[in-house]
Number of protein chains: 2
Amino acid sequence: MTTLSDVAKKANVSKMTVSRVINHPQQVTPELRKIVEKAMEQLNYHPNSVASALAHNRTNVVKLVILEDIDTTEPYYMNLLFGIAKGLSKKHYAIQLATGRDVGGGDGYIITGGRATDAEWLDQLDKPFVLFGENRFGYDFIDTDNKLGEQLATQYALNKNYQSIIFIGIDEKEPFEYSREAGYINTLQKHNMIPKIFRIQNHSSLAEKLIISNWKKFAPNTCFICASDRIAVGVVRAIQRKNGNIPRDFGVIGFDGVFLDQVSNPKLTTVKQNLFKLGELLAAMILQKIKQDGAQQGEVLIEPELRKNESTRN
Amino acid sequence: MTTLSDVAKKANVSKMTVSRVINHPQQVTPELRKIVEKAMEQLNYHPNSVASALAHNRTNVVKLVILEDIDTTEPYYMNLLFGIAKGLSKKHYAIQLATGRDVGGGDGYIITGGRATDAEWLDQLDKPFVLFGENRFGYDFIDTDNKLGEQLATQYALNKNYQSIIFIGIDEKEPFEYSREAGYINTLQKHNMIPKIFRIQNHSSLAEKLIISNWKKFAPNTCFICASDRIAVGVVRAIQRKNGNIPRDFGVIGFDGVFLDQVSNPKLTTVKQNLFKLGELLAAMILQKIKQDGAQQGEVLIEPELRKNESTRN
DNA sequence: GTTTTATATGTTACCGGTATCAAAAAAAGA
DNA sequence: TCTTTTTTTGATACCGGTAACATATAAAAC
């Protein structure tokens, strides 16, 4: 491996000048810079990030802390993780995973699955962190625009002329759920329709049961806006068991667009979160925050995309 | 942060002695060792792995290289990844992900989704690597015991008195598939039954089509041994559409036991891979190989578990 | 009891960068 | 032209460990 010193020798300058060309180019005269850059090029120099990390008292590691139960959310995280990984490795950072609250090590944290009850734990963390997922405590976060997502879904159901539009939510008192419901409610009210919301835990079998046991309440020409693809899959199964026609008499729209929507039959119309991009942004945000010694980064909402498929008309 | 020097000072020894207590304890007399250990304890000393990495010309990073298309395998990897992450962080290693063949950086690679055609690429890698997944080229690997898995599945179907036992495989000429088929074939032949194998790409909708278009060939009292849960899900849907009774007249057994088996209805009987454990072992193996400067590590097969559920009798 | 050998600990230099300050060169002001 | 100020570059020490060699001490051999 070629080192700073090798480059310095080749360019007839000191190590510091080379280091400056890399990290503070404006502090070096253009002529010297050229020479040094050529030397780097010729020697195919790549900085040793470990040495740099040591000098900066860093680890070059970001911890991904997953607070919620992983079994219930598995496929969801892959794309997020890939995005994070990509974003981090651009800056020569690597990931460590933590599933519990026992963190330590690493230069900062990306935290997912945080609930309102985690606030006090978050407050006592001594490293910078950013959250994946809305929160109302002022912590920096990035999330899908949940409200917009369900607005798109609800509006689409209206456009497709479903008469009755029902929301099947996740039974959790968390911002993401409130936002999704708000998107649904707002859109209906804009059309002077009355919202109708059911809430269950996020399992397909519970959704299936719910729909079946309330089947008589659902006349044909109904569209179900579901707060997750899991729920949507359950709803689809229930409708099929009751011999309802999808998408003619019943529409189903999911939320997430991760894996399940494709495995389902009919394939789900769903609000697709761009989790890869979210991951990249999370990585960028935590790196920025580390560099800026913990400075506030704010909140970012990413537009989801309504992915039209076989579980709605047309 | 307390450093080696702090501990050394407190214990009235040199840095090297402290370093030895940590890395080569047998080179230090028990009395001194005690003193140093007490000092470390009192100062709550934790070695700085970055400094160590620099001294060893290491990065303390292992790359996870995923060669296959991630979209088709998503949920599958989460547990593997968690296992790997856990195994690595025990030794203060972190992960970087790579999805293509353009690797570089890191002390070694864990490679998944490798196919026979990747052999030449693997041969030109200049860092130690281990594979997740059987191969016949002599590369170190860890995998589920695929053959045993389908032996268990087939035997279970026999025990449940299904008369006809059919294998729906994945249409790939790869060792994992051959092993799964071998497990099925062996078990049937032991009972003087004739194997019957279909092969398709690993998609639920293709499985569904396959079963439906061959429906008349399948008399009641048939069990389908599927090479993946994806396929199993498609088979289940097909049977349901044909109004076949699961599990009374038709049994379905999947393979993987990751996520899909639980989301399905009925929940799938499946051969569950212990991917978390596989991941931990992969981590341990690559770390060992790095430490031993690339020495051969051999092959490891992990016993899967037949998870009995609603898609088979009883 | 002296020499040889083995064992235990310390000294030094180095891994590959970076911050800090000092020195030199260039630009500005008198 | 000679200071004074500003900009550019270099020398040094340090980040926190470790390997290799040197030295001191204890055990073994003669």
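Up top you'll find the structure we're talking about.
All of these numbers come straight from a predicted model, not from anything done at the bench. (Residues numbered from 1 in each chain as written. Chains lettered and ligands numbered in written order. Predicted model: local features only at pLDDT ≥ 70, side-chain atom pairs only at ≥ 80, totals over all residues. Heavy atoms only, no water.)

Novice: Any chance you could explain the protein's contact with DNA strand C here in plain terms?
Specialist: Taken together, 27 residues sit near DNA strand C, with A:L4, A:S19, A:N23, B:T17 and B:R20 positioned nearest. Backbone atoms, meaning sugar and phosphate, form 63% of the atoms of DNA strand C found within 4 Å of the protein. One nitrogen or oxygen atom from the side chain of A:S19 is found 2.3 Å from a phosphate oxygen belonging to DNA strand C. A:N23 places a polar side-chain atom, nitrogen or oxygen, 2.7 Å from a phosphate oxygen of DNA strand C. Mapped onto the surface near DNA strand C, the elements with two or more residues apiece are α2 (15–23) and α4 (49–55) of chain A together with α2 (15–23) and α4 (49–55) of chain B. At five residues, the largest contribution of residues to the surface near DNA strand C is made by α2(A). Of the residues assigned to the surface near DNA strand C, the class counts are 13 nonpolar, eleven polar and three charged. (Near = heavy atom within 4 Å. Polar contact = N/O pair within 3.5 Å; in protein donor to acceptor, adjacent residues only side chain to side chain. Helix = DSSP H or I, 4+ residues; strand = E, 2+ residues; numbered from the N terminus. Nonpolar A, V, L, I, M, F, W, Y, C, P; charged D, E, K, R; others polar.)

Novice: Quick question: what am I supposed to make of the sheet that holds strand β7 (residues 197–200) of chain B here?
Specialist: Backbone-to-backbone hydrogen bonds join strands into a sheet, with any given pair of strands oriented parallel or antiparallel. All names here are of chain B. Spatially, β7-β6-β8-β9-β10-β12 is the arrangement adopted by the six strands of the open sheet, whose pairing is mixed. Lying at the two open borders of the sheet, with one neighbouring strand each, are β7 and β12 (305–307). When the angles between neighbouring strand axes are averaged without regard to direction, this sheet yields 20°. As paired strands, strand β10 (residues 269–272) and β12 are joined by three bridges and run antiparallel to one another. If you follow T270 over to β12, its bridge partner there is R307. Those strands touched by helix α9 (residues 204–213) are β6 (164–170), β7 and β8 (222–226), and its axis lies near 140° from that of β7. (Pairing = 2+ DSSP bridges. Axes fitted to C-alpha atoms, helices over the stretch in contact; angles between N-to-C directions. Contact = heavy atoms within 4.5 Å.)

Novice: What's the story with the pairing of strand β1 (residues 61–66) of chain A in this structure? I'm lost.
Specialist: Taken residue by residue, a regular strand's side chains alternate between the two faces of the sheet. Residues and elements named next belong to chain A. Taking burial as the measure, the six residues of β1 include six buried ones, the bulk of the element. Alternating residues of β1 divide into V61, K63 and V65 and V62, L64 and I66, and every residue in both groups is buried. Where β1 meets strand β2 (residues 94–98), five bridges bridge the pair, whose relative direction is parallel. Directly across from V61, in β2, lies its bridge partner A94. (Buried < 20%, exposed > 50% of the residue type's maximum accessible area, 1.4 Å probe, protein only.)

Novice: What is the right way to read the pattern of salt bridges from this model?
Specialist: Close approach of charged atoms allows side chains of opposite charge to pair. Going through the model one piece at a time under the given rule, you end up with 24 salt bridges over all chains. A salt bridge links A:R101 to A:D118; the nearest nitrogen and oxygen atoms lie 2.7 Å apart. One end of the pair, A:R101, is in the loop between β2 and β3 (108–112); the other, A:D118, is in the loop between β3 and α6 (119–123), and 17 residues separate them in sequence. According to the relative accessible area criterion, A:R101 is partly exposed, its value standing at 44%. For A:D118, a relative accessible area of 7% translates into the label buried. B:R199 is paired through a salt bridge with B:E181; the nearest N and O atoms lie 2.7 Å apart. Of this pair, B:R199 sits in strand β7 while B:E181 sits in helix α8 (residues 175–190), and the two are 18 residues apart along the sequence. Here the salt bridges do not stand alone but share partners, grouping A:E68, A:R115 and A:E172 into one network. (Salt bridge = Lys/Arg side-chain N within 4 Å of Asp/Glu carboxyl O.)

Novice: Is there a simple way to think about the relation of the copies chain B and chain A in this case?
Specialist: Each of the two chain copies goes to the other by way of a rotation about an axis and a shift along it. Once turned by 180° and shifted 0.0 Å along the axis, chain B lies on chain A with an RMSD of 0.1 Å. Considering both components of the superposition, the chain copies are consistent with a two-fold axis. For chain B, the minimum C-alpha distance to the rotation axis belongs to B:P75 and amounts to 2.0 Å. Taken as a fraction of all interface residues of chain B, those also at the interface in chain A reach 100%, which identifies the copy contact as same-surface. (Least-squares fit on C-alpha atoms with pLDDT ≥ 70 in both.)

Novice: What am I meant to see in the interface of chain B and chain A here?
Specialist: Put simply, an interface is often sized by how much accessible area is lost when its parts join up. Taken together, the contacts link 41 residues of chain B with 41 residues of chain A. When the two sides are added together, the surface that chain B and chain A hide from each other amounts to roughly 3,200 Å², 68% of it contributed by carbon and sulfur. The three residues of chain B that bury the most area against chain A are B:M78, B:F82 and B:F259, which together make up 19% of that side's buried surface. Where chain B packs against chain A, one counts zero salt bridges. Summed over the shared surface of chain B and chain A, the number is nine residue pairs in polar contact (both at pLDDT 80 or more). Going through the elements one at a time, α4, β1 (61–66), α5 (74–90), β2 (94–98), α9, α10 (229–241) and α11 (260–263) of chain B are the ones with two or more residues in the side of chain B that touches chain A. Looking at the side of chain B that touches chain A, the element that brings in the most residues is α5(B), giving nine residues. (Buried area = accessible area lost by both parts, 1.4 Å probe.)

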